[in-house]
Amino acid sequence: MTRHAGSGYVGRFAPSPTGPLHAGSLVAALASWLDARAHGGRWLVRIEDVDRPRCVAGASERILSQLADLGLVPDAPPVHQSTRETLYQAALDRLVASGQAYACGCSRKDIEQAWQASGQARARHGELIYPGTCRSGLQGRPARAWRLRTALAGVVHWNDRRGGPQQQDVEREVGDFVLRRADGLWAYQLAVVVDDADQGITDVVRGEDLADNTARQVLLQAALGLPTPRYLHTPLVLGANGEKLSKQNGAAPLATAQPLACLQAAGAVLGLQVTAHSASDWLAQAVRAWRGNGGLAPRWGEVRGPTTIGA
Ligand code: GLU
């Protein structure tokens with residue numbers, strides 16, 4: 001467990017090492033750094049490399065050196081999720097022992113057939129919602145994945161510091177979601193909840209595209225008896241095709257040899273108008289602006305939706 005210092009605030013930036021930082025991922029990194037500094041807190045970096053097939057060799061080193069070029073240096077050595085599997089296993093064991101998680105023997109095909117047999121189907125983001133087939137046991141089939149039992153959880157309420165009160169009926173809208181995948185890999189939801197709690201994270205600041213995961217994470221925190229951090233989701237930067245900027249849609253790696261320009265562009269997405277002659281001066285002024293604007297957040301009302309680049 002990482003110790004808290006000073007204000008008790010602990011923030012984090014948690015990139016997946018699937019490629020270098022780009023203009024979109026820097027916005028989340030910068031916002032989490034600024035929020036930590038404005039609160040007199042600590043800022044950690046966690047490399048989320050549980051989904052090994054998606055990881056790119058050398059990407060985590062590249063991300064860390066890009067952050068360092070910009071003056072965004074974590075207060076402790078970065079943690080890699082790939083070294084923390086025993087923690088995830090212990091959490092899953094606890095959930096299974098308390099009946100809150102269960103083994104699932106269904107393939108994708110089984111899930112399709114179960115919905116066909118019931119004459120209806122519920123889907124989300126193009127994926128069928130799990131129909132709950134294995135909730136009462138595997139019926140002699142081998143276990144493939146492990147799922148969280150969402151029945152009876154009710155509607156999950158949480159607050160976004162920018163977007164205000166949020167809610168999601170996880171059972172109806174998402175279903176019993178996967179904690180450990182059929183290929184043996186740990187699911188993002190379990191790893192992130194275990195790590196945020198283990199690292200004492202008080203404030204999660206990350207991109208808007210991740211907001212939809214928050215209700216699941218709040219549910220898992222409750223199931224494991226872990227605290228819920230505060231959440232702030234930052235505006236997205238969209239690529240020319242109108243989708244979230246990503247390596248897949250041609251986001252260029254950040255040119256961190258020009259740190260001031262990178263910081264100014266990311267700061268503009270966050271509604272920060274700061275004039276400075278150097279990156280370190282820009283950061284110092286941006287912390288003051290972040291702290292001064294309506295109590296430790298920018299005037300979010302003035303931050304209008306996503307920013308599009310490359311159009
Ligand atoms: N690793 C996730 C990503 O890069 C971020 C997870 C998080 O901040 O909760 O999209």
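Higher on the page you've got the structure.
Rules behind the numbers
Residues numbered from 1 in each chain as written. Predicted model: local features only at pLDDT ≥ 70, side-chain atom pairs only at ≥ 80, totals over all residues. Heavy atoms only, no water. Helix = DSSP H or I, 4+ residues; strand = E, 2+ residues; numbered from the N terminus. Buried < 20%, exposed > 50% of the residue type's maximum accessible area, 1.4 Å probe, protein only. Contact = heavy atoms within 4.5 Å. Areas by Shrake-Rupley, 256 points an atom, 1.4 Å probe, with all protein chains shown as cover. Salt bridge = Lys/Arg side-chain N within 4 Å of Asp/Glu carboxyl O. Axes fitted to C-alpha atoms, helices over the stretch in contact; angles between N-to-C directions. Parallel < 35°, antiparallel > 145°, perpendicular 65-115°, else oblique. Nonpolar A, V, L, I, M, F, W, Y, C, P; charged D, E, K, R; others polar. Pairing = 2+ DSSP bridges. Near = heavy atom within 4 Å. Polar contact = N/O pair within 3.5 Å; in protein donor to acceptor, adjacent residues only side chain to side chain. Core = buried A, V, L, I, M, F, W, Y, C linked by side-chain atoms within 4.5 Å. Right-handed = clockwise from strand over helix to strand, strands pointing away.

Q: If you had to explain the overall build of the protein to someone new, which residues and values would you point to?
A: For the protein, the helix and strand inventory stands at 9 helices and 14 strands. In terms of its C-alpha atoms, the protein occupies a principal-axis envelope of roughly 70 × 45 × 40 Å. Burial statistics for the protein: of 311 residues in total, 49% are counted as buried. Taking as baseline every contact in the protein between residues at least 6 positions apart, the subset at least 24 positions apart corresponds to 76%. Accessible surface, the protein: about 14,200 Å² in total, of which carbon and sulfur atoms supply 52%.

Q: Can you lay out the environment of Cys106 for me, pointing to particular residues and giving the numbers?
A: Turning to its location among the elements, Cys106 is positioned in the loop between β4 (101-104) and α4 (108-118). Along the chain, Cys106 and Leu148 lie 42 residues apart, while their C-alpha atoms are 14 Å from each other. Not counting residues up to four positions away in its chain, the partners in contact with Cys106 are Ile111, Tyr130, Thr133, Cys134, Arg141 and Arg144.

Q: Any chance you could break down the pattern of salt bridges for me, citing the residues and the numbers?
A: Going through the model one piece at a time under the given rule, you end up with 24 salt bridges. One salt-bridge network, held together by shared partners, links Arg12, Arg46, Glu48, Arg84, Asp195, Asp196 and Asp198.

Q: I'd love a proper account of the packing of helix α1 (residues 23-38) against helix α9 (residues 279-292), names of residues and values included.
A: Packed helices, taken two at a time, are described by the angle their axes make and the gap between the axes. With their axes 9 Å apart at the nearest point, α1 and α9 run at an angle of 70° to one another. Here α9 runs roughly perpendicular to α1, going by the angle between their axes. Each of Leu30, Ala31, Trp33, Leu34, Asp35, Arg37 and Ala38 in α1 lies in contact with α9, whose residues at this interface are Trp282, Leu283, Ala286, Val287, Trp290 and Arg291. Split into classes, the residues belonging to the contact of α1 with α9 amount to 10 nonpolar, no polar and 3 charged.

Q: An account of the sheet that holds β4 is needed here, citing residue identities and associated values.
A: Overall, antiparallel pairing links the 3 strands, which are arranged β4-β7-β10 in an open sheet. Each edge of the sheet is formed by a strand with only one pairing partner; in this case those strands are β4 and β10 (178-180). Here the average twist between neighbouring strands, direction ignored, is 40°. Pairing of strand β7 (residues 145-148) with β10 involves 2 bridges; the strand directions are antiparallel. Within β10, the residue paired with Trp146 across the bridge is Arg180.

Q: So what about the site of the ligand? Which residues, and what values?
A: In the vicinity of the ligand, the residues found are Arg12, Ala14, Pro15, Ser16, Glu48, Tyr188, Val192, Arg206 and Leu210. Here a nitrogen atom of the ligand sits 2.8 Å away from a polar atom, N or O, in the main chain of Ala14. Contact distances for the ligand include 2.9 Å between a nitrogen atom and a side-chain N or O atom of Ser16. For the ligand, whose accessible area on its own is 300 Å², the fraction buried by protein is 81%. Class assignment for the residues of the shell around the ligand results in 5 nonpolar, 1 polar and 3 charged.

Q: Just give me the short version of the side chain of Gln81, but keep the residues and values in it.
A: Structurally, Gln81 can be placed in the loop between β3 (79-80) and α3 (85-97). Judged by relative accessible area, Gln81 falls into the buried class, the value being 1%. Side chain to side chain, Gln81 and Glu48 meet in a polar contact 3.2 Å long. Of note is the side chain of Gln81, whose polar atom sits 2.9 Å from the side chain of Asp195. Look past the residues within four positions of Gln81 in its chain and what remains in contact with it is Arg46, Ile47, Glu48, Asp49, Val50, Tyr88, Ala191, Val192 and Asp195.

Q: Before we move on, can you summarise the nonpolar core with the specific residues and values?
A: Ranked by internal contacts, the top residues of the largest apolar core, which has 41 residues, are Leu26, Leu30, Leu67, Leu72 and Trp282. For this core, the elements supplying multiple residues, two or more each, are α1, β2 (42-47), α2 (59-69), α8 (259-269) and α9. Among the elements that take part in this core, α1 stands out by supplying 10 residues, more than any other. Listed in part, the 31 residues of the second largest apolar core include Phe177, Ala211, Leu219 and Tyr231.

Q: Tell me about the pairing of strand β12 (residues 230-234), and please be specific about residues and values.
A: Put simply, side chains in a regular strand alternate between the two faces of the sheet. Most of β12 sits inside the fold, with 4 of its 5 residues counted as buried. The pairing of strand β11 (residues 203-207) with β12 spans 5 bridges and is classified as parallel. Note that in β12 the partner of Val204 across the bridge is Tyr231. Once the chain exits β11 it traverses helix α7 (residues 214-224) before rejoining the sheet at β12, and the crossover so formed is right-handed.

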